[in-house]
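Take a look at the letters that make up each chain.
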Amino acid sequence: MKKHNFNAGPSILPRVAIENAAKAILDFEGIGLSLLEISHRTKDFEAVNDEAEALFRELLHIPDNYKVLFLGGGASTQFFHIPANFLKTKAGYVNTGVWSKKAIKEAKYYGEVEIIASSEDRNFTYIPKGFDIPSDIDYLYICSN
């Protein structure tokens, strides 16, 4: 029986995805180099990046006037990456617990943070709904876990 990982971070993948990744690590697309050995500036890797972006746009219905960013680091790194790059004046945050609190703390180093909704009143057992989104914020941050 296949095991399933229900922890934070990586999740179970289809067997074919694991097999294709393993092949690409040994020889990517028959070019004689591993996917781990080619430059991110090569046409071969640009094709990988372009396909990933196209799939994200399709899956999440991301319009063409939005940018898709692939950023290094884990989720916690994004707590400062996002405000460092997008917070010009004020950001709106929905406080849903531990991860949101960490993100709020980091964002305060870069500008004004407005908590526009919170589930702290019930020990973060729900995600707030029906709140108004201010028109003067640079972005809205919601963490679902």
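This text goes with the structure placed above it.
Structural notes, computed from the coordinates. As the structure is a computational prediction, the values presented were derived from the model and not from experiment.

## A look at a nonpolar patch on the surface
On the surface, a cluster of nonpolar side chains totalling about 430 Å² of accessible area is made up of Phe56, Leu59, Leu60 and Phe70. When you line up the elements, phenylalanine 70 lands in the loop between α2 (43–60) and α3 (75–86).

## So, the pattern of salt bridges
Enumeration over the complete set of coordinates arrives at five salt bridges. For glutamate 53, the salt bridge identified is with arginine 57, shortest N-O distance 3.0 Å. With glutamate 53 and arginine 57 both in helix α2, this residue pair falls four residues apart, about one helical turn. One salt-bridge network, in which partners are shared between bridges, spans Lys90, Glu114 and Asp136.

## Quick notes on helix α4 (residues 98–107)
Along α4, the positions that sit buried rather than exposed are Ser100, Ala103, Ile104 and Ala107. The buried residues of α4 all sit within an arc of 100° when viewed along its axis, so they share a single face. Counted as exposed and oriented over 90 degrees from the buried face of α4: Val98 and Lys105. Among the structural elements, α3, β1 (90–95), β2 (112–118) and β3 (140–142) are those in contact with the buried residues of α4.

## Here we look at the sheet that holds β3
One open sheet holds the three strands; their spatial order is β2-β1-β3, and the pairing between them is parallel. Every other strand in the sheet has two partners, leaving β2 and β3 as the edge strands with one partner each. Adjacent strand axes in the sheet meet at a mean angle of 25°, parallel and antiparallel pairs treated alike. Across three bridges, the pairing between β1 and β3 is parallel. Across the sheet, residue glycine 92 finds its bridge partner in β3, namely leucine 140. Along the sheet face, α4 touches β1, β2 and β3 and points at about 165° away from the line of β1.

About the thresholds
Residues numbered from 1 in each chain as written. Predicted model: local features only at pLDDT ≥ 70, side-chain atom pairs only at ≥ 80, totals over all residues. Heavy atoms only, no water. Patch = residues over 30% accessible without salt bridge, like charges linked within 9 Å, V, L, I, M, F, W, Y side chains within 5 Å. Areas by Shrake-Rupley, 256 points an atom, 1.4 Å probe, with all protein chains shown as cover. Salt bridge = Lys/Arg side-chain N within 4 Å of Asp/Glu carboxyl O. Helix = DSSP H or I, 4+ residues; strand = E, 2+ residues; numbered from the N terminus. Buried < 20%, exposed > 50% of the residue type's maximum accessible area, 1.4 Å probe, protein only. Arc of directions from axis to C-beta. Contact = heavy atoms within 4.5 Å. Pairing = 2+ DSSP bridges. Axes fitted to C-alpha atoms, helices over the stretch in contact; angles between N-to-C directions.

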